[in-house]
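One-letter residues, chain by chain:
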Amino acid sequence: MSSQDDLDKLLTKLHNFHGGLHLPEHKQESLQHPIADAGLPQQLVIPLRQHIGRAAKATVKAGDKVLKGERIAEAEGAISAPVHAPTSGTVKAIEVHAIPHPAALPDTCIVIEPDGNDQWTEKPAAILDYLSASPDILLQRIHNSGIVGMGGAAFPSHAKLLYGLKRNLHTLIINGAECEPYITCDDILMQERADDIVTGIEIILHLLGLERCLIGIEDNKPDAIAAMQQAIKVTSLKRTRVIEIPTIYPSGGEKQLIQLMTGEEVPSDGLPADIGMVCHNVGTMAAVRDAVLDGRPLISRIVTISGEGISEPRNLHALIGTPISHLIQAAGGYTDKARQLVYGGPMMGISLPDDQVPLTKGGNCVLALSENEAPDPEKARACIRCGKCADVCPVKLLPQQLYWYSHAKDFDKVQDYNLFDCIECGCCTHVCPSNIQLVHYFRFAKTEIWKQEEEKRKADHARRRHEARTARLERIAAERKSRLRKKKEDLEQKKPAAGKADAGDPKKAAIEAAMKRVADKKKAAQEKQQ
Amino acid sequence: MLSAILTMTILASLFGLLLGYAAVRFHIEGDPIADQIDQMLPQTQCGQCGHPGCRPYADAIARGEDEINKCAPGGHETIIALADLLGRDPIAMDEDIEIRPPSVAIIIEEDCIGCTLCIQACPVDAILGAAKQMHSVIESECTGCELCLPPCPVECIVMEPIEADIRSWSWPYPGDQPQLAQEETPVEAQA
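As annotated in an unreviewed UniProt entry, chain B carries the name Ion-translocating oxidoreductase complex subunit B and comes from Solemya velum gill symbiont. You can read under Subunit (unreviewed entry) in the UniProt record for chain B the words "The complex is composed of six subunits: RnfA, RnfB, RnfC, RnfD, RnfE and RnfG." Annotation of chain B in UniProt includes, under Sequence similarities (unreviewed entry), the sentence "Belongs to the 4Fe4S bacterial-type ferredoxin family. RnfB subfamily."

The name an unreviewed UniProt entry assigns to chain A is Ion-translocating oxidoreductase complex subunit C, from the organism Solemya velum gill symbiont. The UniProt entry for chain A carries this comment under Subcellular location (unreviewed entry): "Cell inner membrane". Recorded in UniProt for chain A, the comment headed Function (unreviewed entry) runs: "Part of a membrane-bound complex that couples electron transfer with translocation of ions across the membrane."

Rendered as structure tokens:
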């Protein structure tokens, strides 16, 4: 594995993953034009949670003036990412606003009204000699720049790198597969900015102390492959290879990509780091390069606007927080056919109720699909156990069994069938002859299991508090009892010390003494009279 | 004949001793079934089941003195889990028990007179305050048991349902799929 020959063997011998689908590509529509600038919208809405992990914490307040690139929210905890102002302007509010979400739930966002000057804040100094910089400095820069995985999952990159540093890695995997139909933002990025991506790869290889790097690109992107190969040639990277992989969905899933290129399988419930690899998207590499060499935080990205419902499908370079409606206007607006809005790809994306949600760091695509492209799902019928779903599952799961137990809410059993290895690629739903929304059941089961775990955690916490309280009350009661007993005992000890029972009470004795005196006096008086 | 009787007697006394020793050596304090039941209860300590807390209810179920369908905060899932554990059939929730949405207690601070009665009632020490000082509920600790409501002399405690926010959101149940028997328009009819 360590020799040069081995690396070149990978170029000639491709592996395969189980199942997968050949889908209509729809890539050409959005590749007709070069990347265009989406322009400055009237208002930017920047969600505090654009990444997996904890939401960032706002560091500005309504009314504050901010400059482009200024940090407006800081990371909270280890898995989180800061957020920066995409342009200069005024913070109008920090409020709940609709964000791209499967149930269209709102979340806290910073609303910025641009002033139109697009004036930069003082950028951190460029790390020009990045190949001799310490990994800590580079990691810090990546963290401070708010970089997250730009392939769609938006996992904070520094957390992934930090974890990678602790593990014994041998290969960096760069994901340029872009397997979902319609999406071309990585393709066009590789065509236009291959050099920058390769610089990003150099930085990450140095940071992780690696030499071996495999770049996976689907064979339906010949221009991107050529551009990347050219860019690698002019660098000193000796052990970096572009590997042309077959166009089969979901080749862009990191575990599937690794399997395609190396033949190695990421273990169930494991991470690529378990087999010595770490996977990053090409867009993330370009963002890393911008952060390290330009001091530019992640405030914009390339997004594909496509579908039959869009007049001029294309790729836009847009600021994070730009409303989807603005992006669609920048792509010529809607056509008459527009019927369904999708955020992300057609297979794994979420449908949007309207276009008043902002673009986030992980947003690679916005689709306005026609009835032809996204017909209403037919009514689901009973599962006939044909097994087609198991044939196409890239993770070799048994979707029909998972469906069965998710449907019955048997969450123990569904985990026995490795529910959490499901990557929600949607292949099973796509081929199901009974139109069962299989992935929907799996998502339900996953979130329900997390919810139950959370409830269990809460119940255990409440039990501990209740037990602590009961113990405290018992202790207090016992202490009071012992105090009372002690008092009683003290009293009982005093009594005998003061003498006999009748002489015990000084008052009684005084009264008796007085009565005796009176009686004596009377007696004396009587004796006198006699 | 004699040797057989002798062998059996010796064996019997040997095993008797062994069992006797095991009973002492592996003795378990408390009731493990009650512990397991208690693990499944939501620990709100609300007393809606008619027992003064979750543990007493768990003990009552373990002794067979009460049904498994009385835990309102646990809901149907708890009934199924308990039925599973105890090898019984799941039954419907007891009719007398009202299921309320998960909520937290909020003290209307202007109205609070600082009597400390609610603090004494709270089973999980989720209320903060001192005599003649305003009290407040630590929301993250509140189990929503409503035990603080009756003691309050000025009725300044209200229950606020916990709203489903983006963090607690989970994918909804996609619904029951039709079974083969329910399917309308058989294929033959269309052909």
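What follows continues from the structure just given.
## Observations concerning the overall build of chain A
Helix and strand counts for chain A stand at 14 helices and 17 strands. Dimensions of chain A along its principal axes, counting C-alpha atoms only, are 150 × 60 × 55 Å. Look at the contacts in chain A between residues 6 or more apart in sequence, and 73% of them connect residues 24 or more apart. Counting only carbon and sulfur atoms, one obtains 51% of the accessible surface of chain A, whose full area is about 25500 Å². When the 68 positive and 69 negative side-chain charges of chain A are each reduced to one mean point, those points stand 16 Å apart.

## Examining a nonpolar patch on the surface
Together, Leu6, Met8, Ile10, Leu11, Leu14, Phe15 and Leu18 of chain B make up an exposed nonpolar region whose accessible area comes to about 720 Å². As for its placement among the helices and strands, Leu11 of chain B is situated in helix α1 (residues 2-25).

## Here we look at unusual backbone geometry
Residues and elements named next belong to chain A. Residue Pro250 follows Tyr249 across a cis peptide bond; omega there is -5°. Looking at the secondary structure, you find Pro250 in the loop between β11 (240-245) and α6 (254-262). A positive phi is found at Glu178, a non-glycine position, where the angle reads about 45°. Counting through the fold element by element, Glu178 comes out in the loop between β9 (171-176) and α4 (185-208). We classify Glu178 as buried; its relative accessible area is 8%.

## Concerning the packing of α4 of chain A against helix α5 (residues 222-233) of chain A
Residues and elements named next belong to chain A. α5 packs onto α4 with a crossing angle of 25° between their chain directions and a minimal axis gap of 8 Å. Viewed along their axes, α4 and α5 adopt a mutual orientation that is roughly parallel. Here α4 and α5 pass one another in a crossing that is right-handed. Contacts between α4 and α5 involve Asp187, Met190, Gln191, Ala194, Asp195, Ile197, Val198 and Ile201 on the former and, on the latter, Asp223, Ala224, Ala227, Met228, Ala231 and Ile232. For the contact of α4 with α5, a count of residues per class yields 10 nonpolar, 1 polar and 3 charged.

## A closer look at the pairing of strand β17 (residues 365-369) of chain A
Residues and elements named next belong to chain A. Among the 5 residues in β17, 5 count as buried, and that is most of the element. Every second residue of β17 is oriented toward a common face, with Cys365, Leu367 and Leu369 on one face and Val366 and Ala368 on the other, all of them buried. Where strand β13 (residues 300-306) and β17 come together, 3 bridges link them in parallel fashion. Bridge pairing in β17 places Ile305 opposite Val366. Pairing analysis gives 4 bridges linking strand β15 (residues 340-343) to β17, with the strands arranged antiparallel. For Val342, the partnering residue across the bridge sits in β17 and is Leu367.

## Looking at the UniProt feature "binding site: [4Fe-4S] cluster 2" (unreviewed entry) in chain A
All names here are of chain A. Here the UniProt-annotated "binding site: [4Fe-4S] cluster 2" (unreviewed entry) positions come out as Cys393, Cys422, Cys425 and Cys428. A maximum C-alpha distance of 10.7 Å is found for the annotated residues, which run over 36 residues; spatially they form one tight group. Examined against the element boundaries, Cys425 turns out to sit in the loop between α11 (411-416) and α12 (427-431). Examined against the element boundaries, Cys428 turns out to sit in helix α12.

## Considering the layout of surface pockets
All names here are of chain A. Reported here for the second largest pocket is a volume of approximately 1300 Å³. Those elements that provide at least two residues to the lining of the second largest pocket are β15, β16 (350-352), α12 and α13 (438-497). Counting residues per element, the lining of the second largest pocket draws most heavily on α13, which supplies 3 residues. Across the lining of the second largest pocket, the residue classes tally to 17 nonpolar, 11 polar and 6 charged. Lining the lining of the second largest pocket are residues from two domains, each supplying at least three of them: domain 1 (6-330) and domain 2 (379-525).

## Brief notes about the environment of Arg88 of chain B
Residue and element names in this part refer to chain B. Positionally, Arg88 belongs in the loop between α4 (75-86) and β1 (103-107). On the accessibility criterion, Arg88 (32% relative accessible area) is partly exposed. When the C-alpha atoms of Arg88 and Ala130 are compared, they prove to be 47 Å apart, with 42 residues separating the residues in sequence. The residues contacting Arg88, other than those within four sequence positions of it, are Ile61, Asp66, Glu67, Ile68 and Ala83.

## A closer look at a negative patch on the surface
A grouping of Asp410, Asp412 and Asp416 of chain A together with Asp84 of chain B is seen on the molecular surface, where their side chains present a negatively charged patch. Residue Asp412 of chain A is classed as exposed on the basis of its relative accessible area of 57%.

## Some thoughts on the interface of chain B and chain A
By convention, interface size is frequently given as the accessible area that disappears when the constituent parts associate. Listed per partner, the contact involves 35 residues of chain B and 35 residues of chain A. Summing the contributions of chain B and of chain A, the shared interface buries around 3100 Å²; its carbon and sulfur component is 52%. Between the two partners, chain B and chain A, sit 4 salt bridges. As a salt-bridge pair, Glu141 of chain B and Arg465 of chain A come within 3.5 Å of each other at their nearest N and O atoms. Linking chain B with chain A are 12 residue pairs in polar contact (both at pLDDT 80 or more), by the criterion used here. Breaking the side of chain B that touches chain A down by element, the ones donating at least two residues are α2 (32-40) and α5 (117-121) of chain B. The element best represented in the side of chain B that touches chain A is α5 of chain B, accounting for 3 residues. Looking at the side of chain B that touches chain A residue by residue, the classes come out as 17 nonpolar, 9 polar and 9 charged.

## Describing the nonpolar core
Residues and elements named next belong to chain A. Judged by nonpolar contacts, the single largest core of 58 residues is most densely connected at Leu172, Ile197, Ile201, Ile204, Leu208, Ile215 and Met228. Sort the elements by how many residues they give to this core and α4 lands first, with 13 residues. Ignoring anything within four residues of it in the chain, the contact list for Leu172 reads Ile201, Ile204, Leu205, Leu208, Leu210, Arg212, Cys213, Leu214, Val278 and His280. In terms of nonpolar packing, the next biggest core, distinct from the first, is built from 28 residues, Cys109, Val414, Ile436 and Phe444 among them.

## Some words on the domain arrangement of chain A
Residues and elements named next belong to chain A. As far as domains go, chain A holds domain 1 (6-330) and domain 2 (379-525). Domain 1 and domain 2 are separated by 45 Å when their C-alpha centres are compared. Carbon and sulfur atoms supply 58% of the area buried between domain 1 and domain 2, which totals about 1000 Å² over both sides. Considering only the surface of domain 1 that becomes buried against domain 2, His18, Leu21 and Gln256 emerge as the three largest contributors, covering 45% of it. If you look at where domain 1 meets domain 2, you find 0 salt bridges.

Reading the values: the criteria
Residues numbered from 1 in each chain as written. Chains lettered and ligands numbered in written order. Predicted model: local features only at pLDDT ≥ 70, side-chain atom pairs only at ≥ 80, totals over all residues. Heavy atoms only, no water. UniProt positions renumbered as here; feature names shortened; annotations may be inferred. Helix = DSSP H or I, 4+ residues; strand = E, 2+ residues; numbered from the N terminus. Contact = heavy atoms within 4.5 Å. Areas by Shrake-Rupley, 256 points an atom, 1.4 Å probe, with all protein chains shown as cover. Lys, Arg positive; Asp, Glu negative; His and termini not counted. Charge placed at Lys NZ, Arg CZ, Asp CG, Glu CD. Patch = residues over 30% accessible without salt bridge, like charges linked within 9 Å, V, L, I, M, F, W, Y side chains within 5 Å. Salt bridge = Lys/Arg side-chain N within 4 Å of Asp/Glu carboxyl O. Buried < 20%, exposed > 50% of the residue type's maximum accessible area, 1.4 Å probe, protein only. Axes fitted to C-alpha atoms, helices over the stretch in contact; angles between N-to-C directions. Parallel < 35°, antiparallel > 145°, perpendicular 65-115°, else oblique. Left-handed = near helix turned anticlockwise from the far one by under 90°. Nonpolar A, V, L, I, M, F, W, Y, C, P; charged D, E, K, R; others polar. Pairing = 2+ DSSP bridges. 1 Å grid on protein atoms, 1.4 Å probe; cavity = no way out; pocket = protein on both sides within 12 Å on 5 of 7 lines; lining within 4 Å. Points joined across faces, edges and corners; volume = space filled by probe spheres on them. Domains from an automatic or database assignment. Buried area = accessible area lost by both parts, 1.4 Å probe. Polar contact = N/O pair within 3.5 Å; in protein donor to acceptor, adjacent residues only side chain to side chain. Core = buried A, V, L, I, M, F, W, Y, C linked by side-chain atoms within 4.5 Å.

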